[in-house]
2 protein chains.
Amino acid sequence: MKRNDAQSDIDRRTLISTLAVLPTLSAPFLSVSAQAQTATTNDPLPSWNDGPAKQAIIAFVTETTDQSSPRFVPPARRIAEFDQDGTLWVEHPLYTQVVYCLDRVGVVAKEKPELKDREPFRTVLSGDREAIAKLSMKDIFEIVLVTQSGMTVEDFRADVRNWLATAKHPRWNRPYTELVYQPMLEVLRYMRANGYKTFIATGGSSGFVREYSDPIYGIPPEQVAGTEQSFKYGYDREQRPILTREPKLVLNNMEAGKIENFWLMYGHRPRAAFGNSSSDDQQMLEYVKAGRDSRLSGLVVHDDATREYAYGPALGLPDTGVGTLSQAMYDMATKQGWLIISMKNDWKRIFSFEPGAS
Amino acid sequence: MKRNDAQSDIDRRTLISTLAVLPTLSAPFLSVSAQAQTATTNDPLPSWNDGPAKQAIIAFVTETTDQSSPRFVPPARRIAEFDQDGTLWVEHPLYTQVVYCLDRVGVVAKEKPELKDREPFRTVLSGDREAIAKLSMKDIFEIVLVTQSGMTVEDFRADVRNWLATAKHPRWNRPYTELVYQPMLEVLRYMRANGYKTFIATGGSSGFVREYSDPIYGIPPEQVAGTEQSFKYGYDREQRPILTREPKLVLNNMEAGKIENFWLMYGHRPRAAFGNSSSDDQQMLEYVKAGRDSRLSGLVVHDDATREYAYGPALGLPDTGVGTLSQAMYDMATKQGWLIISMKNDWKRIFSFEPGAS
């Protein structure tokens, strides 16, 4: 979650400003209600309003999978890449994984008492929301590295799963794994049904997202690319080999890193990509769209303050610091012919649990 | 192809000692004759002699895919990892990719004349085989980084494909892509037919192997993990976004790195792994075998000097410096119950083109 650009100042100011201390309640783990629903019509995108966005997605899939089309793409090259936060699920008021890491500071401080007197951990432990809100992205990054290190990969997995089963989003009082966008689940399923292999490319940690990507999105762990720390090969007390998470950054999957690392890990320029954030997805969407033949770059615009959140500052929407969409990126999208997706206008419903949602 | 251990001295001595300057001849690109053959019997491994190795592979696949078996593995966890050099294709007298990089030194030196006076490039350009044979692994690594950098990812791909279409192995006078082990192609197909997802984990560069992994092994680019350099996002003269290969190592996929990076890229401890070399595959095979439930770690032993090559020094075989199998690793394999695969005894034929091969 590092930013190198001018957005950083904005982020520092507001990133944690709406931090909620989350209650620990039992909750169903990894609800798949949205996934389990089967379409009862022939409409592959029933949660989309009829309009240019829906038409463009269907046209793209149709023309790239119809063998008689001049834009036909062989199955092996049907690669689609999806940002997660703000594209597949809610990223406000704070990236879910950052909430997890802030929750972990208390646990880690018990194991390592020396952290209690060290910034930024002292501030987090103080519970002083105003002070926490002033933490820099560098601070947040250090918190992520420290709280996700020092354990085996198996222990980390178990901790993430336990947290996901109990943590709830402050606004909807539901597990984070229910706050996925129903229209995007339909895009994932529709593309897979047409031979596309779907990948997540996230600024978050691969190891975090992989714990729920398959049941929630239908995307297996091996198709999740994220920011990631290093793993160290070693042995436990019984001399069994183990992999331990280290507090060292190996892959930074933000900004240009998101497309550089996609090439590193998978060796493809995707045919389609979806994203929403200037700090995260701009190069990915630009690079995908610049490929030969038919390419689809989709930009999800958060312009629905009632049903979800509204933020920009593109289109005059408020700049809230998380998942910022700059006017410059929006202008690039328009100029290069990316698909603009308005949550307010293009999505009939946002979540599967909405009242009245079928 | 870096080594950190005591093998380095051996390698330095002998790695390039049998280097052949390869003729540039037209040749069929990416022959798939081996792949195209279909089994005419119900035997999934027709190129294997009946014996404990063949039985163990079939027993493993059967018990992990039979739903009534206590060792049943759900499809999503059927992950199998294969080393390439010496496990799926010939690695002697020299790793194929190193031959490619040495061939490229002349091309690169034309673009960058300053290399002509710089070691180790001066030695390679001299054509002095004795001097080339004395190059260290560090030298080789520098040659790999420099010769595979400075171009776009697309230009690199085109160059690799062109080289593969013309280069021939000095012993068999055939394209390198024909020198794949028919018994291992059968294992790949057999495992995939039973729901296993197959991956390559190579000490070579992902970008090199990905150019032929699908037609030769049936493994798509996104399932090839290798050593890799960084990619830099930028723009060409027409302001189109490009990715350029940089001479900077990001992932070292040798030794422990081979299993650390597998976790980094795919988030799995594989259920099965196959390898052959102490410098490359020991930790991968140890870690896979140490997993819970049924796991298969297969060690390919090069003990057939007549049909392929014989090298060790395990089992008293000669130490030739490429793909070394140490006695310590062989003892570990025996102690931990890895599957020992003797090319001489377990393989009915090695290549699809062998006289008499069906």
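Anyway, here's the lowdown on the structure attached to this text.

Calculation criteria
Residues numbered from 1 in each chain as written. Chains lettered and ligands numbered in written order. Predicted model: local features only at pLDDT ≥ 70, side-chain atom pairs only at ≥ 80, totals over all residues. Heavy atoms only, no water. Contact = heavy atoms within 4.5 Å. Buried area = accessible area lost by both parts, 1.4 Å probe. Salt bridge = Lys/Arg side-chain N within 4 Å of Asp/Glu carboxyl O. Polar contact = N/O pair within 3.5 Å; in protein donor to acceptor, adjacent residues only side chain to side chain. Helix = DSSP H or I, 4+ residues; strand = E, 2+ residues; numbered from the N terminus. Nonpolar A, V, L, I, M, F, W, Y, C, P; charged D, E, K, R; others polar. Axes fitted to C-alpha atoms, helices over the stretch in contact; angles between N-to-C directions. Parallel < 35°, antiparallel > 145°, perpendicular 65-115°, else oblique. Least-squares fit on C-alpha atoms with pLDDT ≥ 70 in both. Buried < 20%, exposed > 50% of the residue type's maximum accessible area, 1.4 Å probe, protein only. Pairing = 2+ DSSP bridges. Right-handed = clockwise from strand over helix to strand, strands pointing away. Expected span 1.5 Å × (residues − 1). Bend = angle between axes of the 7 residues up to and from the residue.

## Some points on the interface of chain A and chain B
- With 40 residues of chain A at the contact, the number on the chain B side is 40 residues.
- Regarding the contact of chain A and chain B, the summed buried area is about 3,200 Å², with carbon and sulfur atoms giving 61% of it.
- Between the two partners, chain A and chain B, sit four salt bridges.
- Note that A:Lys197 is salt-bridged to B:Glu222, the shortest N-O span being 2.9 Å.
- Run the count over chain A and chain B and you get 24 residue pairs in polar contact (both at pLDDT 80 or more).
- Contributing elements (two or more residues each) for the side of chain A that touches chain B: helix 8 (153-166), strand 2 (197-205), strand 3 (224-235), strand 4 (241-251), helix 12 (257-266) and helix 13 (282-289) of chain A.
- By residue number, the principal contributor to the side of chain A that touches chain B is strand 3 of chain A, which donates seven residues.
- Taken together, the residues of the side of chain A that touches chain B break down into 23 nonpolar, six polar and eleven charged.

## Digging into the packing of helix 4 (residues 96-111) of chain A against helix 8 of chain A
Residue and element names in this part refer to chain A.
- The N-to-C vectors of helix 4 and helix 8 enclose an angle of 105 degrees; their axes lie 11 Å apart at closest approach. The angle between helix 4 and helix 8 places the two elements in the roughly perpendicular class. Counting all contacts with helix 4, which are made through Thr96, Val99, Tyr100, Asp103 and Arg104, the residues of helix 8 involved are Phe156, Asp159, Val160 and Trp163.
- For the contact of helix 4 with helix 8, the residue count by class is five nonpolar, one polar and three charged.

## What to know about the relation of the copies chain A and chain B
- Note on the copies: chain A fits chain B at an RMSD of 0.0 Å, the axial shift is 0.0 Å, and the rotation between them is 180 degrees. Viewed as a symmetry operation, the transformation between the two copies matches a two-fold axis. Among all residues of chain A, the minimum C-alpha distance to the rotation axis is found for A:Met265, at 3.2 Å.
- When the interface residues of chain A are mapped onto chain B, 100% of them again lie at the interface, so the same face is used by both copies.

## Here's the deal with the pairing of strand 5 (residues 272-275) of chain A
Residue and element names in this part refer to chain A.
- Residues of strand 5 alternate between two faces, with Ala272 and Phe274 on one and Ala273 and Gly275 on the opposite face, all of them buried.
- Both strand 1 (residues 79-82) and strand 5 contribute to a ladder of three bridges, which runs parallel. Along strand 5, the bridge assignment pairs Ala80 with Ala272.
- Pairing of strand 5 with strand 6 (residues 296-301) involves four bridges; the strand directions are parallel. Bridge assignment links Phe274 to a residue of strand 6, and that residue is Gly298.
- As for the winding sense of the linkage, the β-α-β connection from strand 5 through helix 13 to strand 6 is right-handed.

## A short note on helix 4 (residues 96-111) of chain B
All names here are of chain B.
- Look at helix 4: 23 Å from first C-alpha to last across 16 residues, which is about the 22 Å you get at 1.5 Å a residue.
- Roughly 35 degrees is the biggest bend found in helix 4, and it falls at Val105.
- Looking only at helix 4, the buried set comprises Thr96, Gln97, Val98, Val99, Tyr100, Cys101, Leu102, Arg104, Val105, Val108 and Ala109.
- Packing partners of the buried residues in helix 4 comprise helix 5 (121-126), helix 7 (137-147), helix 8 (153-166), strand 2 (197-205) and helix 10 (206-209).

## A few points about the sheet that holds strand 7 (residues 339-342) of chain B
Residue and element names in this part refer to chain B.
- Taken together, the seven strands give an open sheet; going across it, the order is 4-3-2-1-5-6-7, and neighbouring strands pair in mixed fashion. At either margin of the open sheet sits one strand with a lone partner, and together these are strand 4 (241-251) and strand 7. Recorded for the sheet is a direction-independent mean angle of 30 degrees between the axes of neighbouring strands.
- With four bridges connecting them, strand 1 (residues 79-82) and strand 2 associate as parallel partners.

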